[in-house]
Amino acid sequence: MNFRYITKSAKVVAIAAMMLSGQACNNLLDEVVVSGIDNAYLNTPKGFEDGVNSAYSALRIYYATQLGLTMTEFGTDIYATGADGGYKGFHFYDTQMNPTVDYLAILWDEFYRGINTCNAIIDRAPNVTGVSDDVKKLRIAEVKFLRAHYYFILFQQYGGVDLRLTETVVATKETKRYTDAEMYAAIIKDMTEAMADLPATSAQYGRIIKPVAEMGLAKVYLAKAYSAQKAADDFTKAADLCKSVTTNYGFKLLDDFASVFDEGNQRNTEIVWAAQYTSDPLTNLTNNTGAVNGGNNLHLFFGMQYDVQAGMQRDILNGRPFKRLRPTTYLTDVVFGDRINDSRYKKTFKDTWLTNKPGTYNTAFDDSKTSVTFASGDTAIFIPGFEMSKEDRAKRKYQVLVPSKYSEALFPTLKKFFDTKRPDMTYEAGSRDYFIFRLAETYLMLAEAQLGAGNVKDATTAINMVRTRAGWAGKKEAMAIKESDMTFELLMEERARELAGEQTRWMDLKRWGNLVDRVKKYNPQAAANVADRHLLRPIPQTQIDRSAKNAENVSVFAQNPGY
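Everything numeric here is computed off the predicted structure, so don't read it as measured data. (Residues numbered from 1 in each chain as written. Predicted model: local features only at pLDDT ≥ 70, side-chain atom pairs only at ≥ 80, totals over all residues. Heavy atoms only, no water.)

Only a minority of non-glycine residues have a phi that is not negative, and only a minority of peptide bonds are not trans. Backbone geometry places Lys 323, a non-glycine residue, at a positive phi of 55 degrees. Considering the arrangement of structural elements, one finds Lys 323 in the loop between helix 10 (281-284) and strand 6 (325-327). Under the relative-accessibility criterion, Lys 323 is labelled buried at 6%. Phi is positive for Gln 503, which is not a glycine, with a value near 60 degrees. Residue classification places Gln 503 among the buried residues on the basis of a relative accessible area of 5%. (Helix = DSSP H or I, 4+ residues; strand = E, 2+ residues; numbered from the N terminus. Buried < 20%, exposed > 50% of the residue type's maximum accessible area, 1.4 Å probe, protein only.)

Now the structure itself:
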């Protein structure tokens, strides 16, 4: 049983106009657009529930969108830019990333709308009649976690921001930047209070429940543990929270890594929390991100240009290739270097394309032959993942794309997010739910926290849960590491192997404090530009301009250094 989010618009507390109604046992209920809502609607039982549901909608700004992907995978050690697309300043760390970039302002504004919705729910709950105290307590816990989650992402991306914990009813220019200590204190307080009042499970898929809050708070403690605000017990607290998620709620790793991302298996025992999408355009609508009809867009951005190659044309099965992100050599050759024991290279990247346009063609990237002839369903392109010799390639009746021929248009294609349920081959709005938290990451966080706390034995046990699952049949024991192998370098690589493309990497490198070092080593496009200032994004110029000015006529909301 599910509940629905809404998209923001105009009126309820100047936050939302399209309201959710009720619950459903399908993936999301039919949207009902409610117009003419006044500010008092939020004080009614129906308005209170609709307002809580609307607080979730900001998740769709960040998760499974090009905006969120740009701010989490670009500019890291594992992904480089493809041939097409914009916002490459986030990868190159050059002057293209500046305070006027619209993605910076969109995330800022939409998250603050979500935060103010949460504030309104919390502030108004005591005066809402017709809703039981138990329901109020539960809903307040949900929005406290959401408020903290939105603030944590803003804090990690921008540094200290304006910490508003009560409803903003009218526009104001009175703003300030809070310190890191104040940000951590507020976020931890919200998540801790939410955790105490949340249930272990919910009949409504997608609701915030206790294990979600525990995993979210563990992420906060991990970030804090590496920061100047660190406390001696941050790693231990994070480990305890992760241990609870892995043991207390019945979550279970699937036997096969690939099955986690099967389109027909979205609600599986590994998913701790998911952002919900659907095939309904109104429900999917994501404001201000440039996405056509919203939806889960991740199927668009990792694809190579297969559709103009010999024997191929665009189809729904292989996706619409926007060529935004391509794996770095470090990702393909080092992180995924073990193909004998570890199944994740084969199960992460698409390596075979079958002909959907039969005929005879001249070859393009395979110099071992001059032409190829295909019948329908024949292999047209194969990517072996290693430098297959020209002699071996010549024996194949199809084109073989070897690493020396990779380019910004042709490269191994991440297949985690393929969406074959779209109505036609040009349709952009995907309907798959997006996994915000999944159990494999919980185990990796547990390993990181225990390693940080000096508990190498338990860190090894935790990381082996993920590694042995990933082994080929008969190779699972070979995937298990010994305590002497449990290093921070292994942990970093293991997170890349398991979570490639899943909107974690930039935040990981920032948390670890090695973003600059690893970009210099593994991201040649940005090596000359990246600097310590890039651990924070520019504050949107719109925020600086709409804040009050001091006696020197300078905005009281300071820009981050270097921008």
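This part takes up the side chain of Gln 399. Position of Gln 399 relative to the elements: it lies in strand 12 (residues 399-400). Separated by 3.3 Å, the side chain of Gln 399 and the backbone nitrogen of Phe 365 make a polar contact. Within polar-contact distance, the side chain of Gln 399 engages the backbone nitrogen of Asp 366 at 3.4 Å. Not counting residues within four places of it along the chain, the set of residues in contact with Gln 399 comprises Ala 310, Thr 363, Ala 364, Phe 365, Asp 366, Val 372, Ala 380, Ile 381 and Phe 382. (Polar contact = N/O pair within 3.5 Å; in protein donor to acceptor, adjacent residues only side chain to side chain. Contact = heavy atoms within 4.5 Å.)

Before going further, it helps to examine helix 15 (residues 456-470). An ideal rise of 1.5 Å per residue puts 21 Å on 15 residues; helix 15 measures up with 21 Å between its terminal C-alpha atoms. All of the buried residues along helix 15 are Ala 459, Thr 460, Ala 462, Ile 463, Asn 464, Val 466, Arg 467, Arg 469 and Ala 470. (Expected span 1.5 Å × (residues − 1).)

The element strand 14 (residues 434-438) is extensively covered by neighbouring structure, given that 5 of its 5 residues are classed as buried. As judged from the 4 bridges shared by strand 5 (residues 271-275) and strand 14, these two strands associate in the antiparallel manner. Among the inter-strand pairings, Ala 275 is bridged to a residue of strand 14, identified as Tyr 434. (Pairing = 2+ DSSP bridges.)

Turning to its location among the elements, Ala 375 is positioned in the loop between strand 10 (371-374) and strand 11 (379-382). Under the relative-accessibility criterion, Ala 375 is labelled partly exposed at 40%. Setting aside chain neighbours within four positions, we find Ala 375 in contact with Thr 355 and Pro 358.

What follows deals with the packing of helix 15 against helix 17 (residues 488-499). The N-to-C vectors of helix 15 and helix 17 enclose an angle of 45 degrees; their axes lie 11 Å apart at closest approach. With respect to each other, helix 15 and helix 17 are oriented oblique. Helix 15 and helix 17 meet at a crossing whose hand is left-handed. For the pair formed by helix 15 and helix 17, the contact residues are Ile 463, Val 466, Arg 467 and Arg 469 on the first element and Leu 490, Leu 491, Glu 494, Arg 497 and Glu 498 on the second. Each residue belonging to the contact of helix 15 with helix 17 can be placed in one class, and the counts come to 4 nonpolar, no polar and 5 charged. (Axes fitted to C-alpha atoms, helices over the stretch in contact; angles between N-to-C directions. Parallel < 35°, antiparallel > 145°, perpendicular 65-115°, else oblique. Left-handed = near helix turned anticlockwise from the far one by under 90°. Nonpolar A, V, L, I, M, F, W, Y, C, P; charged D, E, K, R; others polar.)

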